[in-house]
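# Overview (structure and organization)
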Amino acid sequence: MTSSGNDTAPAGQPAALDPAQLAALCDIVSPMAIRVAATLRLPDLLADGPVPVARLADASGTDPEALVRLLRLLTAKGLFTEPEPGTFATTAAAGFLTSEHPARMRDWLDLDGVGRMDLAYAGLLDAVRTGTPVYERIVGRPVWADAAQDPGFGAAFDGLMETMAAHWAPAVTAAHDWSGVTHVVDVGGSTGSLLLNLLAERPALRGTLVELPVTAVRARERIAASDVRERCAVREGSFFDPLPEGADRYVLAHVLHNWGDEDAVRILRRCAEAAGPTGRVLVVERLLGDEAAGYPDATVDLSMLVTFGGRERTPDHYGELAGRAGLVHATTRPLGSGASLVEYVAAGRAA
Ligand SMILES: C[S@@+](CC[C@H](N)C(=O)[O-])C[C@H]1O[C@@H](n2cnc3c(N)ncnc32)[C@H](O)[C@@H]1O
């Protein structure tokens, strides 16, 4: 804050809000209405042109009067148009919410699928008061149990992990020195995106994926359909239990931020035990950086709190957790995807 008041922010931070911006920020209706429209696939249903609301209600399984009310709000917000009374069309912005759009925003917002995770924000007050996650209280079971028991949710989550891995997995393959490495264990490796990329690029490598049962089934199917199937095993299990021993690398990609400090140390310790004195642990995470940059990771950080009880962390914070697990920092390489690849070795061993 400067001496002139609250309208000039410190270097690198956004300027203070004006009252109109504040009023827009306070709107809770639009974020939910957009999610409902995405869940009902309204942009898909309008992709070929204007549709009368009775037909749209029929196709989306909704009440026509309530649907008009939803559409009028979203028309006022610029997502749809009403070219004649009771007939609606999309604007260009709605194209971003169609099922075909490569950003897969519709899947993130789908309240019958992964968008359900946003419902945990209804418990943000409790999460802030207690410092603990609220997903189970709001949705009825913890996230990973939810993903296991609701195949639609679990498959959609794994699918979105695949979409994101298309950006960062090739960067991990390129960023690390894999010379002399023969065996890589991807711990919590989802459906195998990293191992599929890595093993395709490095024919001398073999991989083992460790995952919870339902995702392990999907990983097995995906790997069986690939050219690296002879070199890639899937092990169903938990990273809180002992991991396959003696591999050269243990990868934890976007895993630790799902967990609080004590659980993160337990996971790191399992990796350190299995890696022994010569193996290395590779962590792929976004690293909290300079606060003057305006907290770009604050949204993900709060999501980790309400959903999982996890958090985003600074390099020092990860280093402290790794130290408690018997590891020391060796290298950090930014991946260009917003995440970094951080390498740890057994304490007492030179990097
Ligand atoms: C945020 S996802 C990251 C997946 C993948 N590493 C990636 O970056 O795309 C976290 C993964 O941890 C897995 N997971 C959660 N609890 C687990 C456990 N106890 N043991 C093994 N995997 C677990 C989930 O199934 C999920 O695939």
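Throughout, residues of each chain are indexed from 1 in the direction in which the sequence is written. Residues qualify for local features only when their pLDDT is at least 70, as the model is predicted, and side-chain atom pairs are given and counted only at 80 or more; totals for whole chains, interfaces and linings, by contrast, use all residues. Note: side-chain values were computed over all heavy atoms of the structure, leaving out hydrogens and water.

You'll find the chain entered in an unreviewed UniProt entry as Methyltransferase, with Streptomyces kasugaensis given as the organism.

Another aspect to go through is the packing of helix 4 (residues 53-60) against helix 5 (residues 64-76). Relative to each other, helix 4 and helix 5 sit at 105°, their axes nearing to 9 Å. Accordingly, the angle class assigned to the pair helix 4 and helix 5 is roughly perpendicular. Touching Val53, Leu56, Ala57 and Ser60 of helix 4 are Pro64, Leu67, Val68 and Leu71, all from helix 5. Inter-axis angles, ranging from 0 to 180 degrees, are taken between N-to-C directions of lines fitted to C-alpha atoms, where helices are fitted over the stretch in contact. Numbering of helices and strands runs from the N terminus; a helix is a DSSP stretch of H or I covering at least four residues, while a strand is a stretch of E covering at least two. Any angle from 65 to 115 degrees is called roughly perpendicular, while one under 35 is roughly parallel, one over 145 is roughly antiparallel, and all others are oblique. The contact criterion used throughout is that any non-hydrogen atoms of two residues lie within 4.5 Å.

Right, let's talk about the nonpolar core for a bit. For our purposes a nonpolar core is just a set of buried Ala, Val, Leu, Ile, Met, Phe, Trp, Tyr and Cys residues, chained together by side-chain atoms within 4.5 Å. Any residue under 20% of the maximum accessible area for its type is buried, any over 50% is exposed, and the rest in between are partly exposed; the area is computed with a 1.4 Å probe on protein chains only. Core analysis: the largest hydrophobic core is formed by 30 residues, its most contacted members being Tyr250, Leu252, Leu268 and Val281. Taken together, the elements giving at least two residues each to this core come down to strand 4 (183-187), strand 7 (249-253), helix 13 (261-275), strand 8 (280-285), helix 15 (315-324) and strand 10 (340-346). Among the elements that make up this core, the one with the highest residue count is helix 13 (8 residues).

When the centres of two rings from Phe, Tyr and Trp lie within 6.5 Å, Trp using its six-membered ring, the rings pair. Their planes under 30 degrees apart give stacked, over 60 give edge-to-face, and anything left gives tilted. One pass over the full model with this rule turns up 5 aromatic pairs. Aromatic pair tryptophan 144 and phenylalanine 157: ring centres 5.4 Å apart, planes at 85°, arrangement edge-to-face. Taken together, the positions of tryptophan 144 in helix 9 (residues 143-149) and phenylalanine 157 in helix 10 (residues 151-175) put the pair 13 residues apart, joining distant regions of the chain. Tryptophan 144 sits in the partly exposed class, given a relative accessible area of 27%. Classification of phenylalanine 157 as buried rests on a relative accessible area of 11%. Within the aromatic cluster, the residues linked to one another by ring pairs are Trp144, Phe157 and Phe308. Across the ring face of phenylalanine 153, the terminal group of arginine 116 is positioned such that the distance to the ring centre comes to 5.0 Å. Note on geometry: a ring has a charge over it if NZ (lysine) or CZ (arginine) is within 6 Å of the ring centre and within 35 degrees of the ring normal.

This part takes up helix 13. The span expected for a helix works out to 1.5 Å for each residue beyond the first. For helix 13, built from 15 residues, the straight-helix expectation of 21 Å at 1.5 Å per residue is met to within 8% by its first-to-last C-alpha distance of 21 Å. Along helix 13, the residues that are buried comprise Ala264, Val265, Ile267, Leu268, Cys271, Ala272, Ala274 and Ala275. Among the structural elements, strand 4, strand 7, strand 8, helix 15 and strand 9 (327-334) are those in contact with the buried residues of helix 13.

In this fold, serine 340 is placed in strand 10. Apart from residues no more than four positions distant in its own chain, serine 340 is found in contact with Val283, Val284, Glu285, Leu287, Thr332, Arg333, Pro334 and Leu335.

Bringing the pairing of strand 9 into the picture now. In the sheet, strand 9 pairs with strand 10 via 7 bridges, with the strands oriented antiparallel. In the sheet register, histidine 329 faces strand 10, and the bridge partner there is tyrosine 344. Pairing between strands is defined by DSSP: at least two bridges between them are needed.

The UniProt feature table records "active site" (unreviewed entry) at His257. Summarising the element assignment, histidine 257 is placed in the loop between strand 7 and helix 13. The class for histidine 257 is buried, based on a relative accessible area of 10%. Ignoring any residue separated from it by four or fewer positions in sequence, one finds histidine 257 in contact with Glu285, Val300, Met304, Gly310, Arg311, Glu312, Arg313 and Tyr318. UniProt positions are given in the numbering used here, feature names are shortened, and annotations may be inferred rather than shown by experiment.

It is worth spelling out the site of the ligand at this point. Gly188, Glu211, Phe239, Ala253 and His254 are the nearest of the 17 residues found near the ligand. When the ligand sits alone it has 590 Å² of accessible area, and the protein chains cover 95% of it. Counting residues per element, the shell around the ligand draws most heavily on helix 10, which supplies 3 residues. Being near a molecule or strand, for a residue, comes down to having at least one heavy atom within 4 Å of it. To be clear on the numbers: accessible area is Shrake-Rupley with a 1.4 Å probe, and residue cover counts the displayed protein chains and nothing else.

This paragraph deals with the sheet that holds strand 5 (residues 206-211). Strands in a sheet are paired, the pairing made by backbone hydrogen bonds, and the direction either parallel or antiparallel. Strand order in the open sheet formed by 7 strands is 6-5-4-7-8-10-9, and the pairing between neighbours is mixed. For this open sheet the edge positions go to strand 6 (232-236) and strand 9, each flanked by a neighbour on one side alone. In this sheet, neighbouring strand axes are inclined to one another by 20° on average, regardless of whether the strands run parallel or antiparallel. As paired strands, strand 4 and strand 5 are joined by 5 bridges and run parallel to one another. Bridged to histidine 183 within strand 5 is arginine 206. Here helix 11 (residues 193-201) sits on the sheet and contacts strand 4, strand 5, strand 6 and strand 7; the angle it forms with strand 5, its principal contact strand, is near 180°.

Glancing now at the side chain of aspartate 150. Relative to the helices and strands, aspartate 150 resides in the loop between helix 9 and helix 10. In protein, a polar contact requires one atom able to donate a hydrogen and another able to accept it; more generally it is a pair of N or O atoms within 3.5 Å, and residues adjacent in sequence count only if both atoms are side-chain atoms. Polar side-chain contacts of aspartate 150 include one of 3.0 Å to the backbone nitrogen of glycine 152. Not counting the four nearest positions on each side in its chain, aspartate 150 is found in contact with Arg116 and Arg141.

What follows deals with the pattern of salt bridges. By salt bridge we mean one thing: a side-chain nitrogen of Lys or Arg within 4 Å of a carboxyl oxygen of Asp or Glu. Considering all chains together, one arrives at 19 salt bridges under this definition. A salt bridge links aspartate 107 to arginine 106, with the shortest nitrogen-to-oxygen separation between them at 3.8 Å. Accessibility classification places aspartate 107 together with arginine 106 in one group, the buried group. The salt bridge partner of arginine 280 is glutamate 343, with a shortest N-O separation of 2.6 Å. Highlighted residues: arginine 280 in strand 8 and glutamate 343 in strand 10, separated in sequence by 63 residues. Accessibility expressed as a relative area gives 11% for arginine 280, which makes it buried. Members of the salt-bridge network, linked through shared partners, are Arg104, Arg106, Asp107 and Asp110.

Residues Ser30, Ala33, Arg35, Ala37, Ala38 and Thr39 constitute the buried set of helix 2 (residues 29-39). Along its buried surface, helix 2 packs onto helix 3 (42-45), helix 5, strand 2 (80-84) and helix 6 (105-109). In the stretch just after helix 2, arginine 41 is the one whose phi turns positive, near 60°.

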